[in-house]
Amino acid sequence: PQLTRLEKKALHAAGQVVYTAATNREAYISAGLVPKKTSAHIPYFFDANVFGSEKNEIVRGFEIRYFGAFDWRGSRSPQVFLKALSGFLDKYPEAREQTKFVFYGMWNAKHDILLKDLNLEDVTDVRSSVPYGKYLQEVKRAPVLLLVVSSEHNLFMPSKIVDYFGSGRPILAFVPEGSEMRHVLEEANMEEQTVSETDIKGGTRTIETLWTRYSSGTLGEIDANTNF
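Report on the accompanying structure.

**Side note on the pattern of salt bridges**
Throughout the structure, instances matching the rule amount to 9 salt bridges. Residues Asp71 and Arg76 are paired through a salt bridge, measuring 3.4 Å at the closest nitrogen-oxygen approach. Connected through shared salt-bridge partners, Glu63, Arg65, Lys134, Glu138 and Arg141 make up one network.

**Comments concerning helix H1 (residues 2-13)**
Helix length check: H1 (12 residues) gives 17 Å between terminal C-alpha atoms against 16 Å at 1.5 Å per residue, within 8%. Little of H1 sits out of view: just 1 of its 12 residues are buried.

**Side note on the side chain of Ser167**
By the secondary structure assignment, Ser167 is in helix H7 (residues 160-167). Ser167 has contacts with Phe51, Val139, Lys140, Leu145 and Glu221, leaving out every residue within four places of it along the chain.

**Topic: the packing of aromatic side chains**
If you walk through the whole model with that rule in mind, you get 16 aromatic pairs. Measuring from ring centre to ring centre gives 4.9 Å for Phe81 and Phe101, while their planes differ by 65°; the resulting arrangement is edge-to-face. In this pair, Phe81 is assigned in helix H4 (residues 79-91) and Phe101 in strand E4 (residues 99-106), connecting sequence segments 20 residues apart. Neither residue differs from the other here; Phe81 and Phe101 are each classed as buried. Relative to Tyr135, the ring of Tyr132 lies with its centre 5.6 Å away and its plane at 35°, an arrangement referred to as tilted. Of this pair, Tyr132 and Tyr135 are both found in helix H6 (residues 132-140), 3 residues apart, which corresponds to roughly one turn of the helix. The lysine or arginine in question, Lys160, covers the ring of Tyr66, its NZ or CZ lying 4.0 Å from the ring centre.

**Topic: the packing of H6 against H7**
Running from N to C, H6 and H7 point in directions that differ by 50°, and their axes come no closer than 9 Å. Taken together, the axes of H6 and H7 lie oblique to each other. Crossing of H6 over H7 shows right-handed handedness. Seen from H6, the contacting residues are Tyr132, Tyr135, Leu136, Val139 and Lys140; seen from H7, they are Lys160, Asp163, Tyr164 and Ser167.

**Thoughts on unusual backbone geometry**
The phi angle at Asn119 is positive, at roughly 60°, despite the residue not being glycine. If you trace the backbone, Asn119 turns up in the loop between helix H5 (112-117) and strand E5 (124-127). Judged by its relative accessible area of 48%, Asn119 falls in the partly exposed class. For Asn189, which is not glycine, the phi dihedral falls at a positive 60°. Its location among the elements puts Asn189 in the loop between helix H8 (180-187) and strand E8 (194-195).

**What to know about the nonpolar core**
Nonpolar side chains in soluble globular proteins tend to be buried together. The biggest cluster of nonpolar side chains holds 30 residues, and the ones touching the most others in it are Phe81, Phe101, Leu146 and Leu172. Elements represented by at least two residues in this core include exactly strand E3 (62-69), H4, E4, H5, strand E6 (144-148), strand E7 (171-174) and helix H9 (200-215). Sort the elements by how many residues they give to this core and H4 lands first, with 7 residues. Discounting chain neighbours no more than four positions away, the residues touching Phe101 are Ile64, Tyr66, Phe70, Phe81, Leu82, Leu85, Trp107, Val123, Thr124, Asp125 and Leu146. Core analysis: the second largest hydrophobic core is formed by 27 residues, Phe67, Tyr104, Leu147 and Leu185 among them.

**Some details on the sheet that holds E4**
On the basis of which strands lie adjacent, the open sheet formed by 6 strands has the order E5-E4-E3-E6-E7-E8 and parallel pairing. Each edge of the open sheet carries a strand with a single partner, namely E5 and E8. Relative to E5, E4 is paired through 4 bridges, and the arrangement is parallel. Counted as the bridge partner of Phe103 is Val126 from E5.

Calculation rules
Residues numbered from 1 in each chain as written. Predicted model: local features only at pLDDT ≥ 70, side-chain atom pairs only at ≥ 80, totals over all residues. Heavy atoms only, no water. Salt bridge = Lys/Arg side-chain N within 4 Å of Asp/Glu carboxyl O. Helix = DSSP H or I, 4+ residues; strand = E, 2+ residues; numbered from the N terminus. Expected span 1.5 Å × (residues − 1). Buried < 20%, exposed > 50% of the residue type's maximum accessible area, 1.4 Å probe, protein only. Contact = heavy atoms within 4.5 Å. Phe/Tyr/Trp six-rings, centres within 6.5 Å; stacked < 30°, edge-to-face > 60°. Lys NZ or Arg CZ within 6 Å of the ring centre and 35° of its normal. Axes fitted to C-alpha atoms, helices over the stretch in contact; angles between N-to-C directions. Parallel < 35°, antiparallel > 145°, perpendicular 65-115°, else oblique. Left-handed = near helix turned anticlockwise from the far one by under 90°. Core = buried A, V, L, I, M, F, W, Y, C linked by side-chain atoms within 4.5 Å. Pairing = 2+ DSSP bridges.

All we've got here are geometric facts, nothing functional implied.
This is the structure we're talking about:
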């Protein structure tokens with residue numbers, strides 16, 4: 001209650017309040033925390049010149065990359081994705097030599113037990129965070145990009161989606177149904193690669209689809225409406 005009062009006072013005193021997620025703005029207006037007339041929705045966007053200036057060579061192998069951090073527990077932990085990846089490798093053991101999960105950021109050491117239990121230690125490469133310029137290069141070089149959104153954060157848009165869209169690379173997305181991020185992915189015609197944040201079997205099937213495209217040499221840029 002105290003935080004709500006403070007937030008309401010601050011937002012009513014502001015000349016303009018900008019939201020990057022429409023659902024977030026609507027929730028604040030409905031709760032009376034922000035005046036409708038002084039709030040606005042400005043969608044995230046990417047600079048086409050940054051991503052179109054040079055084409056980075058895609059790394060070899062069936063590599064899935066994630067940038068940022070995971071929660072220890074909950075739907076923004078890596079557990080669902082890792083279980084889906086493990087299920088895929090159990091079904092396609094011949095894919096193990098070419099498959100790699102590469103993590104950039106602050107890795108939680110508690111997740112090492114997941115890698116061990118799921119027999120993923122040999123296909124996981126944990127790397128430290130990189131400067132923004134290097135990050136953009138590595139995003140553009142990724143065969144597949146991983147997106148994980150928690151149901152607790154369904155009113156928000158992860159800023160990395162801007163860079164993911166700009167890169168044009170395929171996205172493996174674990175996103176809550178009905179969330180702002182899910183809506184944007186659907187608008188971008190990317191439902192095929194999007195599953196619920198708790199759907200392990202769906203994640204495995206999606207990885208299978210991406211693997212099939214990779215094996216046939218058709219894992220190119222996404223055919224998506226990312227300029228809407």
